[in-house]
Amino acid sequence: MAIGVFDSGIGGLSVHHALVARLPTADFVYLADQANTPYGGRPGEEIVDLTRAGCERLFDAGCDLVILACNTAASVALRRLQQTWLPGYRRVLGRPVNVLGIIVPTIEAATGLPWEHEADLRGDKVEKLDVLGIFSTPATTRSRVYEIEIDKRRQDVAVFSEACPDLARLIETDAPEAELRAAVTAHVSALSRRIGRAPDRAILGCTHYEIIAGLFRDALPPGTPLIHQPAATADAIALYLERHREYRPGEGGGRRFVTTGAPGAQNGLVARFWGEPLVFDAA
Ligand code: DGL
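**Q** Whenever I open this one, the sheet that holds strand 4 (residues 98–101) confuses me. Can you help?
**A** Here we have 7 strands laid out as an open sheet, ordered 4-3-1-2-9-11-10, and mixed in their pairing. Only two strands of the sheet have a single partner each, and these edge strands are strand 4 and strand 10 (264–265). Where strand 1 (residues 2–7) meets strand 3 (residues 63–68), 5 bridges bridge the pair, whose relative direction is parallel. The partner of Ala2 across the bridge, within strand 3, is Cys63. Helix 1 (residues 13–22) contacts strand 1, strand 2 (28–32), strand 3, strand 9 (255–259) and strand 11 (279–282) of the sheet and is inclined by roughly 175 degrees relative to strand 2.

Here it is as structure tokens:
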């Protein structure tokens, strides 16, 4: 059996990278839905349908646990699939399977609180001095998942989201660094103008952006802490697997990369980020 990692494209490789380092003996299948990327500008129902199709492929490929390493899929589709589709699909497969996402570990890292914690909302309102900036796709921004879930837990954190409509596509298509830098700088400036100053901390709330984290670091004031989704997610999944022995991660250290798009070597940015070229098979 194996762990499936799903993203609309290459962005989830940033999460896969951290998962492999954390769980070196587990078997992994990475699925990139490159025939349909980017997801970020699509209507919600389409994102739900595409995410369900990706999960089915990964379960059918023998995965017990699928990680939605894509903020857009996780923020728009995860709860719906867990509640309306997964129970029936478990019966079809006749084995325990589950789908988890990267939003919960990210919010735990951003709030410093376990997911189960809810703030006492009857308490005094306090001035929100800790300003958290979030960069994400338009669909994730529209879902307001970060604002809603952080506000439930931390009354003292103000969340400002900046939708970056074209950035995932630019990364996916290996745009020149100057173009990526200009786009990132424009988004950081736009967010800072809306806040009235730069954010105190930031979440790169799209897995593609982690691949160009250095450009965000350059555009934000020096030393601005970034909350890293890959590390937070890998730690949370390792803990989850310890508690849930029914999901078997495999033990052969297998790594398969599949795409619904064109098989072959992935873009140069990924090769540089990964340290070597990655070759994808057709899904
Ligand atoms: N990498 C994805 C995310 O984390 C989606 C990018 C896209 O397909 O628009 O949101």
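**Q** Sorry, what's going on with the site of the ligand here?
**A** The full set close to the ligand counts 14 residues, and Ser8, Tyr39, Asn71, Thr72 and His208 are the nearest of them. Within the side chain of Ser8, one N or O atom sits 2.6 Å away from an oxygen atom of the ligand. At a separation of 2.8 Å, an oxygen atom of the ligand approaches a polar backbone atom of Gly40. Calculation on the ligand without its partners gives an accessible area of 300 Å², and the protein chains cover 99% of this total. Judged by the fraction of its atoms near the pocket grid, the ligand is located in the largest cavity. Among the secondary structure elements, those contributing two or more residues to the shell around the ligand are helix 3 (71–93) and helix 9 (207–211). The residue inventory of the shell around the ligand, partitioned by class, reads 5 nonpolar, 8 polar and 1 charged.

**Q** What's the story with the layout of surface pockets in this structure? I'm lost.
**A** To find leftover empty space, a probe the size of one water molecule is rolled over the atoms. Put simply, the largest pocket is a space of about 740 Å³. Lining the largest pocket we find 28 residues, and of these Leu78, Gly101, Val104, Pro105 and Trp115 sit closest to its centre. Only helix 3, strand 4, helix 4 (103–111), helix 6 (145–153) and helix 11 (229–243) provide two or more residues apiece to the lining of the largest pocket. Here the element with the most residues in the lining of the largest pocket is helix 3; it accounts for 8 residues. Taken together, the residues of the lining of the largest pocket sort by class into 17 nonpolar, 4 polar and 7 charged.

**Q** Honestly, the packing of helix 1 against helix 11 in this entry has me stumped. Any pointers?
**A** Helix-helix packing: each pair is described by the crossing angle between the helix axes and the interaxial distance. Viewed as axis vectors pointing N to C, helix 1 and helix 11 meet at an angle of 45 degrees, and their least axial separation amounts to 8 Å. Compared by their axis directions, helix 1 and helix 11 come out oblique. Remark: the crossing between helix 1 and helix 11 carries right-handed chirality. Between helix 1 and helix 11, the contacting residues are Ser14, Val15, Ala18, Leu19 and Arg22 on the first element and Pro230, Ala231, Thr233, Ala234, Asp235, Ile237 and Ala238 on the second. In terms of residue class, the contact of helix 1 with helix 11 is built from 8 nonpolar, 2 polar and 2 charged.

**Q** Can you help me understand the side chain of Asp27 in this one?
**A** Mapped onto the fold, Asp27 is located in the loop between helix 1 and strand 2. Despite being buried, Asp27 has no salt bridge partner; Arg255 is the closest side chain of opposite charge, sitting 5.6 Å away. There is a polar contact of 3.3 Å between the side chain of Asp27 and the backbone nitrogen of Glu251. Polar contacts involving the side chain of Asp27 include one to the main-chain amide nitrogen of Gly253, which spans 3.0 Å.

**Q** What is the right way to look at the state of the cysteines in this model?
**A** Covalently bonding the sulfur atom of one cysteine to the sulfur atom of another cysteine gives a disulfide. Scanning the entire structure with this criterion turns up 0 disulfides. No disulfide involves Cys70; its nearest neighbouring cysteine sulfur is the one of Cys206, lying 6.9 Å away. The exposure class assigned to Cys70 is buried, which follows from its relative accessible area of 4%. Between Cys164, a cysteine without a disulfide, and Cys206, which holds the nearest cysteine sulfur, the sulfur-to-sulfur distance is 8.1 Å. Since its relative accessible area comes to 1%, Cys164 is described here as buried.

The rules behind the values
Residues numbered from 1 in each chain as written. Predicted model: local features only at pLDDT ≥ 70, side-chain atom pairs only at ≥ 80, totals over all residues. Heavy atoms only, no water. Pairing = 2+ DSSP bridges. Helix = DSSP H or I, 4+ residues; strand = E, 2+ residues; numbered from the N terminus. Contact = heavy atoms within 4.5 Å. Axes fitted to C-alpha atoms, helices over the stretch in contact; angles between N-to-C directions. Near = heavy atom within 4 Å. Polar contact = N/O pair within 3.5 Å; in protein donor to acceptor, adjacent residues only side chain to side chain. Areas by Shrake-Rupley, 256 points an atom, 1.4 Å probe, with all protein chains shown as cover. 1 Å grid on protein atoms, 1.4 Å probe; cavity = no way out; pocket = protein on both sides within 12 Å on 5 of 7 lines; lining within 4 Å. Sits in = over half its atoms within 2 Å of the grid points. Nonpolar A, V, L, I, M, F, W, Y, C, P; charged D, E, K, R; others polar. Points joined across faces, edges and corners; volume = space filled by probe spheres on them. Parallel < 35°, antiparallel > 145°, perpendicular 65-115°, else oblique. Left-handed = near helix turned anticlockwise from the far one by under 90°. Buried < 20%, exposed > 50% of the residue type's maximum accessible area, 1.4 Å probe, protein only. Lys, Arg positive; Asp, Glu negative; His and termini not counted. Salt bridge = Lys/Arg side-chain N within 4 Å of Asp/Glu carboxyl O. Disulfide = S-S within 2.5 Å.

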